[in-house]
Amino acid sequence: MAKLVLAGRADCPQYAKAELLADYLQANLPDVRVHKVVQHPGRWEQWLRDVCEMNGWEHKWSPIIWRELLDRGGKGLLLGGLSEFLEYAQHYYGITSIMLTEEVLDIAEENLQAHMESEKEQEEIRSLINPLQIWITSASAATCYQLIPLLASGDVFGMTTEISIHLLDAAPFKERLSGIVMEVEDMAFPLLRGISGHTEIDKAFLQADVIIVLDDILLERDTQTTENCIRMLSEICQVYAPLIEKNAKSGVRIISTGKTFVNLKAMMIITYGPSIKPENVIAVATSWESAAKAMLARKLNMNAAGVKDVIVWGNITGCTYIDLSHAKLYRCDSAIWGPANFSRPLLNLIYDSKWINPEFISAQSSLGSHVCHCAGMLSAHAVATALRYWFHGSPPGEIVSMGIFSEGQFCIPEGIVFSMPEKRIALKEIHEMHPC
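Below is a summary of the structure that appears in this document. Because the structure is predicted, anything quoted here is derived from the model rather than measured.

Definitions and cut-offs
- Residues numbered from 1 in each chain as written.
- Predicted model: local features only at pLDDT ≥ 70, side-chain atom pairs only at ≥ 80, totals over all residues.
- Heavy atoms only, no water.
- Pairing = 2+ DSSP bridges.
- Helix = DSSP H or I, 4+ residues; strand = E, 2+ residues; numbered from the N terminus.
- Expected span 1.5 Å × (residues − 1).
- Buried < 20%, exposed > 50% of the residue type's maximum accessible area, 1.4 Å probe, protein only.
- Arc of directions from axis to C-beta.
- Contact = heavy atoms within 4.5 Å.
- Phe/Tyr/Trp six-rings, centres within 6.5 Å; stacked < 30°, edge-to-face > 60°.
- Salt bridge = Lys/Arg side-chain N within 4 Å of Asp/Glu carboxyl O.
- Core = buried A, V, L, I, M, F, W, Y, C linked by side-chain atoms within 4.5 Å.
- Axes fitted to C-alpha atoms, helices over the stretch in contact; angles between N-to-C directions.
- Parallel < 35°, antiparallel > 145°, perpendicular 65-115°, else oblique.
- Left-handed = near helix turned anticlockwise from the far one by under 90°.
- Nonpolar A, V, L, I, M, F, W, Y, C, P; charged D, E, K, R; others polar.

### Digging into the sheet that holds strand E11 (residues 307-308)
Now for step 1: Taking strand neighbours across the sheet as the criterion, the three strands line up as E11-E14-E15 in an open arrangement whose pairing is antiparallel. Each edge of the sheet is formed by a strand with only one pairing partner; in this case those strands are E11 and strand E15 (343-345).
Now for step 2: Relative to E15, strand E14 (residues 328-330) runs antiparallel, the two sharing three bridges. Residue pairing across strands places Leu-329 opposite Arg-344, the latter belonging to E15.

### Observations regarding helix H3 (residues 82-93)
Residues that lie three or four places apart on an α-helix share one face, since the helix turns once every 3.6 residues.
Now for step 1: Here H3 spans 16 Å end to end across twelve residues, near enough to the 16 Å set by a 1.5 Å rise per residue.
Now for step 2: Buried within H3 are the following residues: Leu-82, Phe-85, Leu-86, Tyr-88 and Ala-89. The buried residues of H3 occupy an angular sector of 160° when the element is viewed end-on, so they sit on one face. Seen from the buried face of H3, the exposed residues on the opposite side, beyond 90 degrees, are Glu-87 and His-91.
Now for step 3: Against strand E1 (2-9), helix H1 (13-28), strand E3 (64-68) and strand E4 (77-80) lie the buried residues of H3.
Now for step 4: Looking one or two residues past H3, Gly-94 carries a phi angle of roughly 65°, positive in sign.

### Some details on the packing of aromatic side chains
Now for step 1: For the structure shown, the criterion picks out nine aromatic pairs.
Now for step 2: Measuring from centroid to centroid gives 4.8 Å for Tyr-88 and Tyr-92, while their planes differ by 40°, and the two rings are tilted. A residue pair is termed a helical-turn pair when its members lie 3 or 4 positions apart in one helix, as Tyr-88 and Tyr-92 do in helix H3 at four residues.
Now for step 3: We classify Tyr-88 as buried; its relative accessible area is 9%.
Now for step 4: When the centroid spacing of 6.4 Å and the interplanar angle of 45° are considered together, the rings of Tyr-92 and Tyr-93 count as tilted.
Now for step 5: Overall, the relative accessible area of 54% leaves Tyr-92 in the exposed class.
Now for step 6: Put simply, the rings of Tyr-88, Tyr-92 and Tyr-93 touch in pairs and so form one group of aromatic residues.

### With respect to the pattern of salt bridges
Note on pairing: side chains with opposite charge can pair once their charged atoms come close.
Now for step 1: Using the criterion set out here, one finds ten salt bridges in the structure.
Now for step 2: Close ionic contact of Lys-3 with Glu-68 constitutes a salt bridge, the shortest N to O distance being 3.7 Å. On the criterion of sequence distance, the pair formed by Lys-3 in strand E1 and Glu-68 in strand E3 is long-range, its members being 65 residues apart.
Now for step 3: By relative accessible area, Lys-3 is classed as partly exposed at 27%.
Now for step 4: The exposure class assigned to Glu-68 is partly exposed, which follows from its relative accessible area of 25%.
Now for step 5: The salt bridge partner of Glu-289 is Lys-293, with a shortest N-O separation of 3.3 Å. Here Glu-289 pairs with Lys-293, and both are found in helix H9 (residues 286-300), just four residues apart, close to one helical turn.

### Some thoughts on the nonpolar core
Now for step 1: Counting 50 residues, the largest nonpolar core has Phe-205, Ile-211, Ile-244, Ile-254 and Leu-346 as its most contacted members.
Now for step 2: Contributions of two or more residues to this core are made by strand E8 (210-213), helix H7 (226-247), helix H8 (262-272), strand E10 (281-284), H9, helix H10 (346-349) and helix H11 (353-372).
Now for step 3: If we ignore the near neighbours within four places in the chain, the residues touching Phe-205 are Trp-135, Thr-137, Leu-168, Ile-211, Tyr-240, Leu-243, Ile-244, Asn-247 and Ala-248.
Now for step 4: Judged by nonpolar contacts, the second largest core, of 44 residues, contains Ala-139, Leu-147, Ile-282 and Ala-386.

### Some points on the sheet that holds strand E2 (residues 32-39)
Now for step 1: In space, the four strands of this open sheet follow the order E2-E1-E3-E4, with mixed pairing throughout. Where the open sheet ends on each side, the last strands, each with one partner, are E2 and E4. The sheet shows a mean angle of 25° between the axes of neighbouring strands, taken without regard to direction.
Now for step 2: Sheet topology places E3 next to E4; three bridges connect them, and they run antiparallel. Counted as the bridge partner of Arg-67 is Leu-77 from E4.
Now for step 3: The sheet strands contacting H1 are E1, E2 and E3, and the helix crosses E2 at an angle near 155°.
Now for step 4: Of the strands in this sheet, E1, E2 and E3 are in contact with helix H2 (residues 41-55), which crosses E3 at around 40°.

### A word on the environment of Leu-147
Now for step 1: Structurally, Leu-147 is set in helix H5 (residues 142-152).
Now for step 2: The spatial distance from the C-alpha of Leu-147 to the C-alpha of Ala-384 is 7.1 Å, given a sequence separation of 237 residues.
Now for step 3: Those residues within four positions of Leu-147 in sequence are excluded, and the remaining contacts are Ile-136, Ile-212, Ala-380, Val-383 and Ala-384.

### Some points on the packing of H7 against H8
Now for step 1: Put simply, H7 and H8 touch, their axes get as near as 8 Å, and they point 50° apart. Taken together, the axis directions place H7 and H8 in an arrangement best described as oblique. Crossing handedness for the pair H7 and H8: right-handed. Contacts between H7 and H8 pair Ile-230, Leu-233, Ser-234, Cys-237, Gln-238, Ala-241, Pro-242, Ile-244 and Glu-245 from the former with Leu-264, Lys-265, Met-268, Ile-269 and Tyr-272 from the latter.
Now for step 2: For the contact of H7 with H8, a count of residues per class yields ten nonpolar, two polar and two charged.

The values reported here are purely geometric and, on their own, carry no functional implication.
Written as structure tokens, this is what we have:
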């Protein structure tokens, strides 16, 4: 069995002539097999140098033809160019090419056109399966560990969207990142194209579609003041924002989350990255919203999933107000029953007004403590939920709270990140209930 390899520029007439002769040999001789390698004219010279360097050959033009010695092992046997291939075919098989120059030129032009169309088709196919690039900062945190399976399972971005996850953290956490990468690879998620750990900040956020900022600057008694924490956070965001502008895609979506300074992180990224679209930066309020719903559900002795439209206003990890004026209850065990979409106003079913005012209001301060001391599961679920709603929309008619850049809606001062009802369908209705 003889395996011939033909390689050449897509627009090369000599390659076209060698190709047709090789096709004739393969069609008429049962022990001849041909493999073709066509290169774009702009990439041919570099490709040829690499092949010759790897095999120790001397060859400087198109085409290059060799015979692979598969039955013996080792590198292939270089035949040469077109002339040497014609001699080889004549000597071993008594076959030669008698094609005219004009015919060869026409075929070379067709080869180039076919090669360019094939490259375009392959590029289109690659673009269809191009995975979503997701970067997570402070990836050694417990929230990241809990978040990765939610992202890779398909529940967030959809069961047809492949993703690639990049974990970013400081050099001391390199071993921790490597352990996470190995564990995730062992889980073999079908939609996870790849996962990698990064400690080099200059290469952060390359081609990012989504960036999840987990960094926390925690207040420690007697060692950190609020001013120092804000200064440290500012330094981090001053590094992140220019890198996002430089390396990430223009439409990158950025989520600020964590236990501290969530609104401030989002605001600083917008401030230090002037080309970043403010509408593409949000602060996650879902953890506080979920904790409030759970507190209400315990009071009513029902499933927290049936509590809807609880609104978180304000500074998510600072001073917030939990608004129950639009809250509804579904599947609530009461004297009135209805279909699955039937709801009742929450305030009509909590008859203990003393619990709502002031006990529930005063208890809101404990929500932050509860969320901050969670092991990461609640925060991870909050990020996953926020991303799912951001990419696919929230359930019809349901109100969701997000920290977004204010444009003056609800009489909130412009130019700050503030938690408010995010669902656009509900904005007009809520605004009428909260006039300026």
